[in-house]
Amino acid sequence: SRAIRDNVLGATFAAVLISFGIAFLVSRRLTRPLRSLTHASMALGRGDYDTRVPVDSTDELGRLGETFNRLAADLQGRIETISRDRTELLAILSGMTEGVIATDREQRVVLLNDAAGRMLGVGAASAVDARIWEVTRIGEVSKVIAGAVEGARQEEAEVRIPGEKRDGFLQLVAAPVTSEDGDVQGAV
């Protein structure tokens, strides 16, 4: 009876060890790709758009890895396109003699080209993210932008700016910027 009990205990112990070993191997097989996906997702979130995950299988985890890699490649392509378009837009705007200001719905400056900066006496870089009335003391600029945003229509005004030798004039034209569904997002 003692021998049977020792055999049963030994077999049970061996079965438990084998079960733990199998569970360990299975969990490693599952957690390694998940850890890889987690690290890659975090890297992608930090802006490392070259990040990809190795795909070693064709099961659900393998398909998830392939989907992640495809999404990362799409995101990288879109970011590159946006960056290229932004660079081209900034080059065009900086070469213009007309002043251009773009604001969001709350009248925060999103973009201000060099010509607008010279006309308003402000630095283009320092104006971004400031509200338009903080950027310029010319109240009409804020008024036409507010009118374009609130009224969802083009607003115009002419402003006289006193000068030492002679007065200057600014012709202000503000147009609303709308989303695809027609919501006003800001003004230019």
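Preceding this paragraph is the structure being described.
Residues numbered from 1 in each chain as written. Predicted model: local features only at pLDDT ≥ 70, side-chain atom pairs only at ≥ 80, totals over all residues. Heavy atoms only, no water.

J.: Explanation requested: the nonpolar core in the structure shown.
T.: Counting 23 residues, the largest nonpolar core has Ile101, Leu112, Leu120, Ile132, Val135, Val141 and Ile145 as the members making the most contacts within it. With five residues, the single largest contributor to this core is helix α6 (residues 139-151). If near-sequence neighbours (up to four positions away) are discounted, Ile101 is found in contact with Leu111, Leu112, Ala116, Leu120, Ile132, Val141, Ala187 and Val188. Ala40, Leu44, Phe68 and Ala72 belong to the second largest nonpolar core, which has six residues in total. (Core = buried A, V, L, I, M, F, W, Y, C linked by side-chain atoms within 4.5 Å. Buried < 20%, exposed > 50% of the residue type's maximum accessible area, 1.4 Å probe, protein only. Helix = DSSP H or I, 4+ residues; strand = E, 2+ residues; numbered from the N terminus. Contact = heavy atoms within 4.5 Å.)

J.: What's the story with helix α2 (residues 60-94) in this structure? I'm lost.
T.: The α-helix winds at 3.6 residues per turn, so residues separated by three or four positions along the chain end up facing the same way. An ideal rise of 1.5 Å per residue puts 51 Å on 35 residues; α2 measures up with 50 Å between its terminal C-alpha atoms. Along α2, the residues that are buried comprise Leu61, Gly62, Gly65, Phe68, Asn69, Ala72, Gln76 and Leu93. Tucked into the core, α2 has its buried residues touching α1 (2-45) and β2 (109-112). A distance of 3.3 Å separates the backbone nitrogen of Leu61 from a side-chain oxygen at the start of α2, and that oxygen is part of Asp59. (Expected span 1.5 Å × (residues − 1). Polar contact = N/O pair within 3.5 Å; in protein donor to acceptor, adjacent residues only side chain to side chain.)

J.: Can you help me understand the sheet that holds strand β1 (residues 101-104) in this one?
T.: Taken in spatial order, the four strands make up an open sheet running β2-β1-β6-β5, and their pairing is antiparallel. Edge strands, defined here as strands with exactly one partner in the open sheet, are β2 and β5 (176-178). When strand polarity is set aside, the average angle formed by the axes of neighbouring strands in this sheet is 25°. Across three bridges, the pairing between β1 and β2 is antiparallel. By the bridge assignment for β2, Ile101 is matched with Leu112. Against the sheet, α6 engages β1, β5 and β6 (184-187), with an angle of about 160° to β6. (Pairing = 2+ DSSP bridges. Axes fitted to C-alpha atoms, helices over the stretch in contact; angles between N-to-C directions.)

J.: I'm lost on the environment of Arg108 in this one. Help?
T.: Within the secondary structure layout, Arg108 lies in the loop between β1 and β2. Judged by relative accessible area, which is 29%, Arg108 ranks as partly exposed. Taking the C-alpha atoms as reference, Arg108 lies 7.3 Å from Val128; in sequence the two are 20 residues apart. The contact partners of Arg108, leaving out residues within four places of it in the chain, are Ala102, Thr103, Asp129, Ala130 and Arg131.

J.: Would you mind going over the pattern of salt bridges with me for this structure?
T.: Here the idea is simple: oppositely charged side chains can pair when their charged atoms come close. One pass over the full model with this rule turns up four salt bridges. Measuring nitrogen to oxygen at the nearest pair gives 3.7 Å for the salt bridge that ties Arg63 to Glu60. A residue pair is termed a helical-turn pair when its members lie 3 or 4 positions apart in one helix, as Arg63 and Glu60 do in helix α2 at three residues. Given the relative accessible area of 45%, Arg63 is considered partly exposed. (Salt bridge = Lys/Arg side-chain N within 4 Å of Asp/Glu carboxyl O.)

J.: Hey, could you run me through unusual backbone geometry in this one?
T.: Of note, the phi angle at Asp129 is positive, near 80°, even though the residue is not glycine. Note on placement: Asp129 falls in the loop between α4 (124-127) and α5 (132-135). Unlike most non-glycine residues, Ala152 shows phi in positive territory, near 55°.

J.: How should I be thinking about the pairing of β1 in this particular structure?
T.: Working note: regular strand, side chains alternate between the two faces of the sheet. Burial of β1 is two-sided: the residues Ile101 and Thr103 facing one way and the residues Ala102 and Asp104 facing the other way are all buried. Here β1 pairs with β6 via two bridges, running antiparallel. Counted as the bridge partner of Thr103 is Ala187 from β6.

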